[in-house]
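Observations on the three-dimensional arrangement
Listed here are the chains, written in short residue letters.
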Amino acid sequence: KRGSQIALHRHRTIVDSSNLEMAEALSRCLQYMILSDEPTGALDRKTSEEIMHCLQELNDEGMTIIIVTHDGEIAKKCRRKVMLVDGVLCNDV
């Protein structure tokens, strides 16, 4: 069933997208990966911690998690950090 959301993994991860065909293609190709753009951006601290805990659990289970964030506290929780400045890779730790 087509809708405004697509479940990518175990009905736990949802992608909202205005470009549904692209989201569907990603869901087929990236069954073991989560792309998350500012996952805690508009959330309170407690909910942010819960979301990050869930993402960390999924990563511990072997799922690749890609997080785009401007929040230094969120970045500190990530195992690998790749920094882009003006679209250019400037740091990969």
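Structure: above.
Below or above, wherever it landed, is the structure these notes cover.

Section: the pairing of strand S3 (residues 33-37)
With burial as the criterion, only one face of S3 is covered, namely that bearing Ile34 and Ser36; the residues Met33, Leu35 and Asp37 on the opposite face remain uncovered. When S3 meets strand S4 (residues 64-68), the two strands line up parallel, connected through five bridges. In the sheet register, Asp37 faces S4, and the bridge partner there is Val68. Running through helix H2 (residues 45-60), the crossover from S3 to the neighbouring parallel element S4 is right-handed.

Remarks on unusual backbone geometry
In this structure, Glu38 is a non-glycine residue whose phi angle is positive, near 50°. We classify Glu38 as partly exposed; its relative accessible area is 27%. Of note, Asp86 is a non-glycine position whose phi angle comes to about 55°, a positive value. Relative to the elements of secondary structure, Asp86 occurs in the loop between strand S5 (82-85) and strand S6 (88-92).

Here's the deal with the pairing of S6
Alignment of S5 against S6, held across four bridges, turns out to be antiparallel. Across the sheet, the residue bridging to Leu84 is Leu89, located in S6. As consecutive antiparallel partners, S5 and S6 are separated by two residues, and within that stretch Asp86 has a phi angle of approximately 55°, a positive value.

A closer look at the layout of surface pockets
In this model, the largest pocket occupies a volume close to 850 Å³. Forming the boundary of the largest pocket are 25 residues, of which Ile67, Cys78, Arg80, Lys81 and Val82 lie nearest the centre. If you list the elements that add at least two residues to the lining of the largest pocket, you get H2, S4, helix H3 (72-76) and S5.

Examining the nonpolar core
Of all hydrophobic cores here, the largest spans seven residues; its members are Ile34, Met52, Leu55, Leu58, Met63, Ile65 and Ile74. The element contributing the most residues to this core is H2, with three residues. Once residues lying within four places of it in the same chain are set aside, the contact partners of Ile65 are Ile34, Leu55, Leu58 and Asn59.

Each value, and the rule that gives it
Residues numbered from 1 in each chain as written. Predicted model: local features only at pLDDT ≥ 70, side-chain atom pairs only at ≥ 80, totals over all residues. Heavy atoms only, no water. Buried < 20%, exposed > 50% of the residue type's maximum accessible area, 1.4 Å probe, protein only. Helix = DSSP H or I, 4+ residues; strand = E, 2+ residues; numbered from the N terminus. Pairing = 2+ DSSP bridges. Right-handed = clockwise from strand over helix to strand, strands pointing away. 1 Å grid on protein atoms, 1.4 Å probe; cavity = no way out; pocket = protein on both sides within 12 Å on 5 of 7 lines; lining within 4 Å. Points joined across faces, edges and corners; volume = space filled by probe spheres on them. Core = buried A, V, L, I, M, F, W, Y, C linked by side-chain atoms within 4.5 Å. Contact = heavy atoms within 4.5 Å.

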